[in-house]
Each structure stands twice: as C-alpha cells, then as structure tokens.
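Inside the fold
Below are the chains, spelled out letter by letter.
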Amino acid sequence: MATSTFDNLLEEARKVHAAHPALRDFCPFPGDLQPQPLTPHRTGGADLMAHDPGTSDADLMPLRDAFLAGADDATWRETYRDTNIGDDFLSRFGCYCLIGGGGGWSSAQMATYVVYMPPGLYYPWHHHPAEELYLVLSGQAEFHRAGEGSEALVSGDSSFHSSNQSHAMQTFDHPVMAYVLWRSHLDVPPVLTQPESLAVLN
C-alpha cells in the first residue's frame, strides 16, 4: 500500500498535470491507477538529492517537496547497474517511480518518475520505445536530442523525446530535479545508445 507521503505526492503530481499545458498535451492523468506495495530501497543518488541545497530554486516547489518527502519510502531504481555506464554515474544518479514499476501505483496509460542529477554529471545517450516528457522541477541541465540542437533548461521548462529518439543530459554548476512522464511501451527499459547508432541518427 502507498504511504501517506506517496498519497500526497500523487495529489501534487495530479495538480501539476492539470496546471501545466505540456503535461496535459502529452497525455491525460491516468484514470486506471491501481495501488501496489512499496519496497524501500535507497541509492547514492537518493542521499545526494536529500541534502542538495541546489534544488531549492524550484518554481514547482510543492511537487519538488513531495518527491523529497517520498524518498525514504521509494524504490530507487538501478536501471544501468549491469552496464558499462561507470561507477561515478551509478553512485550519483537518482531516480524513483511514482506510477509504474516499483511505484505506489500501476497504470497502463502512463508512468511517472523523478530524476535527480547533482552538479557535474553526464547522463549518456540512451533510448527507449516509450515516448517521454521531462519537466524540470528545479536546477538546470543541458538536454541533448538526436537530430536536434541542445537546450539549456531550467525550472518550468520541458523536453519531449519521441519513441527511440536517443537523448542525453549534462549538469554543470547546478543540480537538476525533473518530473518524467512515459506513455506507451511502459515495460521496456531504457538502453544505452551505441556510438555507431548515434552517428547514423545525427
């Protein structure tokens, strides 16, 4: 069962979804939510996010605070544990699910996550069949998308990734927290994009 912190997190996510045109255009807030058990699991990124003063500049402070409050109950993900992404990334990157696998609720319509990156971290090129929307909650990052120019995004900005469009992120002097939505192909995890594939896409 979802905890009270996750119940509050869900309501804050619902409010942001209703208020933000990019989220509404991406997909309706799911009406088929089913509660599922939470299994708390922390990673290094979880600890960094909890104590990072650089995330306090959020325009979307209630949702940012709700993700921080839910961190102790969350199943922090280790999607790239068995890849060659490197120990530095694995020890500092943070992600947990609100709706979807490992989250407080399941849905066939949408999955949602929080992603955290501290200053000076590179999230390598990766892709997945799910369409994806990032909404920056706090901080800033440079977003890269195959076939398109790079963008420096700050709190309130969004970035859309089409199905299997390779994308990457880089933080510099500031951390970033982002609210991430997926639609379609929700059960297929991301994979790192091979350099030869990326050369073709660009």
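Quick note: structure is the one above.
So, here is what we can say about the structure in this document. Just so it is clear, the model here is predicted, and its values are computed rather than measured.

Thoughts on unusual backbone geometry
One non-glycine residue, Asn-164, lies in the positive phi region at around 60°. Overall, the relative accessible area of 39% leaves Asn-164 in the partly exposed class. Its identity is not glycine, yet Ser-184 carries a phi of approximately 65°, on the positive side. Mapped onto the elements, Ser-184 comes out in the loop between β10 (176–183) and β11 (191–192).

A few points about the environment of Asp-72
Its place among the elements puts Asp-72 in the loop between α4 (61–69) and α5 (87–92). A relative accessible area of 55% places Asp-72 in the exposed class. Considering only alpha carbons, one finds Asp-72 and Ala-50, 22 residues apart in sequence, at a separation of 9.5 Å. When neighbours within four sequence positions are excluded, Asp-72 is seen to be in contact with Pro-40 and Arg-42. A distance of 2.7 Å separates a polar atom in the side chain of Asp-72 from a polar atom in the side chain of Arg-42.

Describing the pairing of β10
The buried count for β10 comes to seven of eight residues, which makes it a mostly enclosed element. Examined bridge by bridge, strand β4 (residues 111–117) and β10 share seven bridges and lie antiparallel to one another. Paired with Val-114 across the bridge in β10 is Tyr-179.

Considering the environment of Phe-172
Tracing the chain through its elements places Phe-172 in the loop between β9 (167–170) and β10. Setting aside anything within four residues of it in sequence, one finds Phe-172 in contact with Pro-119, Gly-120 and Glu-142.

Some remarks on the nonpolar core
Nonpolar side chains tend toward joint burial in soluble globular proteins. Core analysis: the largest hydrophobic core is formed by 34 residues, its most contacted members being Phe-6, Phe-29, Leu-63, Phe-67, Tyr-96, Leu-98 and Tyr-179. Every element with two or more residues in this core is listed here: α1 (4–19), α2 (21–26), α3 (44–50), α4, β2 (94–99), β4, β6 (131–145) and β10. It is α1 that provides the largest number of residues to this core, a total of five residues. Among all residues touching Tyr-96, those that are not within four sequence positions of it are Phe-6, Leu-9, Ala-66, Phe-67, Gly-70, Ala-71, Ala-74, Thr-75, Trp-76, Arg-77, Tyr-113 and Val-114. The next biggest cluster of nonpolar side chains, apart from the first, holds 26 residues, and it includes Tyr-80, Cys-97, Val-136 and Val-176.

Topic: the pattern of salt bridges
Where charged atoms of side chains with opposite charge meet at close range, the side chains can pair. On inspection of all chains with the given rule, the structure shows ten salt bridges. Salt-bridge contacts for Asp-72 lead to Arg-42; the nearest nitrogen and oxygen are separated by 2.7 Å. Separated by 30 residues along the polypeptide, Asp-72 in the loop between α4 and α5 and Arg-42 in the loop between β1 (34–35) and α3 bring together distant segments of the chain. As a salt-bridge pair, Asp-65 and Arg-64 come within 2.5 Å of each other at their nearest N and O atoms. Residue classification places Asp-65 among the partly exposed positions, given a relative accessible area of 33%. Bridged by salt links that share partners, the residues Arg-42, Asp-47 and Asp-72 form one connected network.

The rules behind the values
Per-chain numbering applies: the sequence of each chain, read as written, is numbered from 1 onward. Local features in a predicted model are, by the rule used here, given only for residues with pLDDT of at least 70; side-chain atom pairs are given and counted only at 80 or more, and totals for whole chains, interfaces and linings are based on all residues. Just so you know, side-chain values use all the structure's heavy atoms and leave hydrogens and water out. Relative accessible area decides the class of each residue, using a 1.4 Å probe on protein chains only: under 20% of the type maximum gives buried, over 50% gives exposed, and in between gives partly exposed. Labels follow the DSSP assignment, with helices taken as runs of H or I lasting at least four residues and strands as runs of E lasting at least two, numbered in each case from the N terminus. Residue contacts are defined here by distance: any two heavy atoms, one from each residue, within 4.5 Å place the two residues in contact. Identification of polar contacts relies on pairs of N or O atoms within 3.5 Å, with a donor-acceptor requirement for protein atoms, meaning one able to donate a hydrogen and the other able to accept it, and with residues adjacent in sequence counted only if both atoms are side-chain atoms. Any two strands with at least two DSSP bridges between them are considered paired. Among buried residues, those of type Ala, Val, Leu, Ile, Met, Phe, Trp, Tyr and Cys that are joined through side-chain atoms within 4.5 Å constitute a nonpolar core. Counted as salt bridges are all cases of a side-chain nitrogen of Lys or Arg within 4 Å of a carboxyl oxygen of Asp or Glu.

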